Amino acid sequence: MRDATRIVRAGAPPASQGAPFLPGPTFASVFHLAGDPASAPFQYGRFHNPTWSAFEAALTELEGGPALVFPSGMAATYAVMATLVAPGGRLVMTGDAYYTARGVAQRHLVPRGIEVVQAADAVALRAAIPGAQVVWVETPSNPLLEIYDIRALSAAARQAGALLVVDNTTPTVGGQVALALGADVSLASDTKALCGHSDVVLGHVAVRDPAHAERLRVWRTETGAIAGPMEVWLAHRSLGSLDVRLERMCANALGVATWLQARPDVLQTLYPGLPNHPGHDVARAQMQRFGPVVSFELRSAAAAHAFLESSALIHEATSFGGLHTSGERRARWGGDPVGPGFIRLSLGCEHLDDLLEDLAQALERAAAAD
Ligand SMILES: *Cc1c(COP(=O)(O)O)cnc(C)c1O
């Protein structure tokens, strides 16, 4: 079966006369539980929930390893950090990994006796792997859309006795299957393209080794980092259209990136799907789709501001991966090593021609404001 078909059907129960295709959310904190607790599939709402089980079955099938749902991408991130790196160990991260993931490692792991290395580039990353317990990469990274070679890094990590964690948020499992490429852990903020409707905050982790899944499950149960059934059900409902959404969004991203690249008023355009992107060959070898995010740079903060203000179709917002095209001037947050006119754009499911017309008029206004 092709990926597109698997995505539509993943995690749905077998056909049963009179039953819905996807059962609705189960709202339960307690379940009937008489006698021996082991005799009941569900006991208490912090331990498990049938709605989680269905979504996790879908993710397990698509990721290729046992998956657990968490209430946010950061809850998934910290669960992995807390269970897979021990005091005295070393965590090596790419310096452009998600800002809050790097912050949480510094603020919560370092005081617990874990060495955290933030590697400035791929060479420094490789150099810090010997002696590490966990190697952490985000690929494509955001907002700079750097590509890291998952196969090569997993081989280097394995040789050093380390685990490779891939933050797979930007491509989603529909665009890159990190475990199949050799990663030990694939984690994602499902808040972004996996859910894709800008209405849910959620995350998940999928792992190669069932023993790691068990450690994560115990962590989730004991710390109570659990998602609500409604959010998980919305995510599962949204997952069915992931392939169709990605197809449109990634085609729009390539169309917009190609168009932006030809504009003299755009200083640089970053998209791994562009043949001149430095990571293009690796991206082609490891991704099914190049993702919905395109970054580009205008000459100044004023130009970027005028561009976003003039666009009728770009919702100015943080986050990415939704149905609606959105964008923001990243330097407004601080924290990213980007210029004042740097814009991260997330292409949605609109028609490409409407987007290009809108971008053209917004760039004219931006040029006037510069
Ligand atoms: C958004 C994001 C996260 C954090 O996810 P939340 O769902 O906001 O907690 C982690 N990694 C990446 C790459 C992200 O974009």
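Our subject is the structure that appears above.
Note on numbering: residues in each chain are counted from 1, in written sequence order. Totals for whole chains, interfaces and linings use every residue, but because this is a predicted model, local features are given only for residues with pLDDT of at least 70 and side-chain atom pairs only at 80 or more, for both listing and counting. Heavy atoms throughout the structure, all of them, feed into the side-chain values; hydrogens and water do not.

Here we look at the state of the cysteines
Heads up, the rule is: To count as a disulfide, a pair of cysteine sulfur atoms needs to be within 2.5 Å. Buried means the residue's accessible area, taken with a 1.4 Å probe over protein chains only, is under 20% of the maximum for its type, while exposed means over 50%, and partly exposed covers the values in between.
Tallied over the entire structure, the rule returns zero disulfides. Free of any disulfide, Cys250 has its nearest neighbouring cysteine sulfur in Cys349, separated by 9.5 Å. Assessed through its relative accessible area of 8%, Cys250 is described here as buried. Since its relative accessible area comes to 22%, Cys349 is described here as partly exposed.

Here's the deal with helix H6 (residues 150-159)
Quick note on the threshold: Counting from the N terminus, the helices are DSSP H or I runs at least four residues long and the strands are E runs at least two residues long. Note: the arc covers the axis-to-C-beta directions of the helix. For this analysis, residues touch if any pair of their heavy atoms sits within 4.5 Å. Polar contacts, as used here, are pairs of N or O atoms within 3.5 Å; protein pairs need one atom able to donate a hydrogen and one able to accept it. Residues neighboring in sequence count only if both atoms are side-chain atoms.
Every buried residue of H6 is listed here: Ile150, Leu153, Ser154, Ala156 and Ala157. One side of H6 holds all its buried residues, which, seen down the axis, span an arc of 165 degrees. Residues of H6 that are buried sit in contact with helix H5 (122-128), strand E4 (134-138), strand E5 (163-167) and helix H10 (280-286). With a side-chain oxygen positioned 3.2 Å from the backbone nitrogen of Arg151, the residue opening H6 is Asp149. Gly161 lies just past H6 and shows a positive phi near 75 degrees.

Points about the site of the ligand
For clarity, the threshold we go by: Here a residue counts as near a molecule or strand whenever at least one of its heavy atoms sits within 4 Å of it. Only Asp, Glu, Lys and Arg are considered charged, only Ala, Val, Leu, Ile, Met, Phe, Trp, Tyr, Cys and Pro nonpolar, and every remaining residue, Gly among them, polar.
Neighbouring the ligand are 13 residues; Met74, Asp167, Ser189, Thr191 and Lys192 lie closest to it. Separating an oxygen atom of the ligand from a backbone N or O atom of Met74 is a distance of 2.8 Å. At 2.7 Å from an oxygen atom of the ligand is found a side-chain nitrogen or oxygen belonging to Thr191. The residue makeup of the shell around the ligand, split by class, is four nonpolar, six polar and three charged.

Considering the sheet that holds strand E2 (residues 90-94)
Short version of the rule: In short, DSSP must find at least two bridges between two strands for them to pair. A fitted line through C-alpha atoms represents every axis, and for helices the fit uses only the stretch in contact; the resulting angles, taken between N-to-C directions, go from 0 to 180 degrees.
Strand order in the open sheet made by the seven strands is E1-E7-E6-E5-E4-E2-E3, with mixed pairing throughout. At either end of the open sheet lies a strand with only one pairing partner, and these are strand E1 (67-70) and strand E3 (115-119). This sheet shows a mean twist of 20 degrees between the axes of neighbouring strands, independent of strand direction. The strands touched by helix H3 (residues 73-84) are E1, E2, E4, E5, strand E6 (185-189) and strand E7 (203-207); relative to E6, the strand with the most contacts, the crossing angle is about 150 degrees.

Regarding the sheet that holds strand E11 (residues 326-329)
Read across the sheet, five strands follow the order E8-E9-E12-E11-E10 without closing on themselves; strand pairing throughout is mixed. This sheet does not close on itself; its edge strands, each paired only once, are strand E8 (268-270) and strand E10 (315-316). Pairing of E8 with strand E9 (residues 293-297) involves three bridges; the strand directions are antiparallel. Within E9, the position partnered with Thr269 by the bridge is Phe296.

A word on the environment of Leu298
Along the chain, the position of Leu298 falls in the loop between E9 and helix H11 (301-310). Leu298 sits 51 residues away from Cys349 along the chain, and the two C-alpha atoms are 24 Å apart. Leave out the neighbours within four places in its chain, and Leu298 touches Asp265, Val266, Leu267, Ala303, Ala304, Phe307, Gly341, Ile343, Leu363 and Ala366.

Considering the nonpolar core
The cut-off we apply is this: We call a set of buried Ala, Val, Leu, Ile, Met, Phe, Trp, Tyr and Cys residues a nonpolar core when their side-chain atoms join them within 4.5 Å.
Judged by nonpolar contacts, the single largest core of 50 residues is most densely connected at Phe55, Leu202, Phe296, Leu298 and Phe307. Of all the secondary-structure elements, those providing two or more residues to this core are helix H2 (50-63), E1, helix H8 (229-239), helix H9 (242-261), E9, H11, strand E12 (342-346) and helix H12 (352-369). Top element by residues in this core is H9. It accounts for eight residues. Apart from residues no more than four positions distant in its own chain, Phe307 is found in contact with Phe296, Leu298, Ile314, Ile343, Leu359, Ala362, Leu363 and Ala366.

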